[in-house]
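Next come the chains, spelled out residue by residue.
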Amino acid sequence: MRVGTGYDVHRLTENRKLILGGVEIPYEKGLLGHSDADVLVHAIMDAILGAAALGDIGKHFPDNDQNYKDISSIILLKKVASIIRENGYTIGNIDSTIVAQRPKVGPFIQQMRENIASALETDISRVSVKATTEEGLGFTGEGLGIAAQAVCLLEDL
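Throughout this document, residue positions are counted from 1 along each chain, in the order its sequence is written. At least 70 in pLDDT is required for a residue's local features to be given in this predicted model, at least 80 for side-chain atom pairs to be given and counted, and no such filter applies to totals for whole chains, interfaces and linings, which use all residues. Neither water nor hydrogens contribute to the side-chain values; these are computed over all heavy atoms in the structure.

Student: Describe the overall build of the chain, listing the residues and the values that go with them.
Tutor: For the chain, the helix and strand inventory stands at five helices and seven strands. When the helices and strands of the chain are listed from N to C terminus, the series reads β-β-β-β-α-α-α-β-α-β-α-β. In this setup the radius of gyration rests on C-alpha atoms only. A globule is expected at 2.2 Å times the number of residues raised to 0.38. Relative to a compact globule of 157 residues, whose C-alpha radius of gyration would be 15 Å, the chain shows 15 Å and is just as compact. In terms of its C-alpha atoms, the chain occupies a principal-axis envelope of roughly 40 × 35 × 25 Å. Counting every position in the chain, which comprises 157 residues, the buried fraction comes to 50%. Note on contacts: a residue pair is in contact if any heavy atoms of the two residues lie within 4.5 Å. The long-range fraction of contacts in the chain, counting pairs at least 24 apart against all pairs at least 6 apart in sequence, stands at 71%. As displayed, the chain offers around 7600 Å² of accessible surface, 47% of which is attributable to carbon and sulfur atoms. We score Asp and Glu as negative and Lys and Arg as positive, and we do not count His or the chain ends. The location of each charge is read from NZ of Lys, CZ of Arg, CG of Asp or CD of Glu. Counting 15 positive and 21 negative side-chain charges, the chain places the centres of these two groups 1 Å from one another. A run of H or I in DSSP counts as a helix once it spans at least four residues, and a run of E counts as a strand once it spans at least two, with each numbered from the N terminus. The buried label goes to any residue with under 20% of its type's maximum accessible area, the exposed label to any with over 50%, and the partly exposed label to all in between, with areas taken from a 1.4 Å probe on protein chains only. Where accessible areas are quoted, they stem from the Shrake-Rupley method and a 1.4 Å probe; at the residue level, only the protein chains shown are allowed to cover.

Student: Tell me about the nonpolar core, residues and numbers included.
Tutor: Definition of nonpolar core: a set of buried residues of the types Ala, Val, Leu, Ile, Met, Phe, Trp, Tyr and Cys, connected through side-chain atoms within 4.5 Å. Membership of the largest hydrophobic core comes to 49 residues, with the highest contact counts inside it found for L20, I48, L77, I98, M112, I146 and L154. The residues contacting L20, other than those within four sequence positions of it, are I25, L31, D38, V39, I98, V105, M112 and I146.

Student: Please set out the packing of helix α1 (residues 39–51) against helix α3 (residues 73–86) residue by residue, giving values where relevant.
Tutor: The geometry of a pair of packed helices is captured by two quantities: the angle between their axes and the separation between those axes. In this description, a line fitted to the C-alpha atoms serves as the axis of each element, helices being fitted only across the stretch in contact, and the angle between N-to-C directions of two axes falls anywhere from 0 to 180 degrees. At their nearest, the axes of α1 and α3 sit 10 Å apart, and the two run at 10 degrees to each other. Between α1 and α3, the angle falls in the class roughly parallel. Facing V41, H42, I44, M45, I48 and L49 of α1, the residues of α3 in contact are S73, I74, L76, L77, V80, I83 and I84. We call Asp, Glu, Lys and Arg charged. Ala, Val, Leu, Ile, Met, Phe, Trp, Tyr, Cys and Pro are nonpolar, and the rest, Gly among them, are polar. Among the residues forming the contact of α1 with α3, the class breakdown is 11 nonpolar, two polar and no charged. We call two directions roughly parallel when the angle between them is under 35 degrees, roughly antiparallel when it is over 145, roughly perpendicular when it lies between 65 and 115, and oblique otherwise.

Student: Please provide a residue-by-residue account of a nonpolar patch on the surface, values included.
Tutor: Together, Y7, V9, F139 and L144 give the surface a local cluster of nonpolar side chains, amounting to about 350 Å² of exposed area. Examined against the element boundaries, F139 turns out to sit in helix α5 (residues 138–141). For F139, a relative accessible area of 35% translates into the label partly exposed. For patch building, the residue pool is restricted to those with more than 30% relative accessible area and no salt bridge; the joining distance is 9 Å between like charges and 5 Å between nonpolar side chains (Val, Leu, Ile, Met, Phe, Trp, Tyr). Throughout this description, the term salt bridge denotes a Lys or Arg side-chain nitrogen within 4 Å of a carboxyl oxygen of Asp or Glu.

As structure tokens, this is what we get:
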């Protein structure tokens, strides 16, 4: 068994879609980034890659590579799933948290879990997604950005 952690943050900006866990969430702002800026999936990918000691998403999907411009992070998550399988691992479980003052994401969590589990070819019971606010404190509390953190347990195939 191996354990990895991941963290990501992106600034909220106008004229972008808000994508979290592969779900488009209705909101007046979206996350700024080279890909779709899905902080939840980015944190999960870093946790998975870290558990396998295979670097991070910047190593595998550099933000100066036009192949990844505006790409769905779910597509990248599928590639990470393939990478860990090639290295002899499978998902034990993932626990993740979205940190955002707004919008409220609770109604979308089940679909996020389904998207992530499907991309990883694992059972949804192995994927946890939670959300919290920071009670108005810090950049997420002030509505300037959204953060996510994740922990992943990998098991040998």
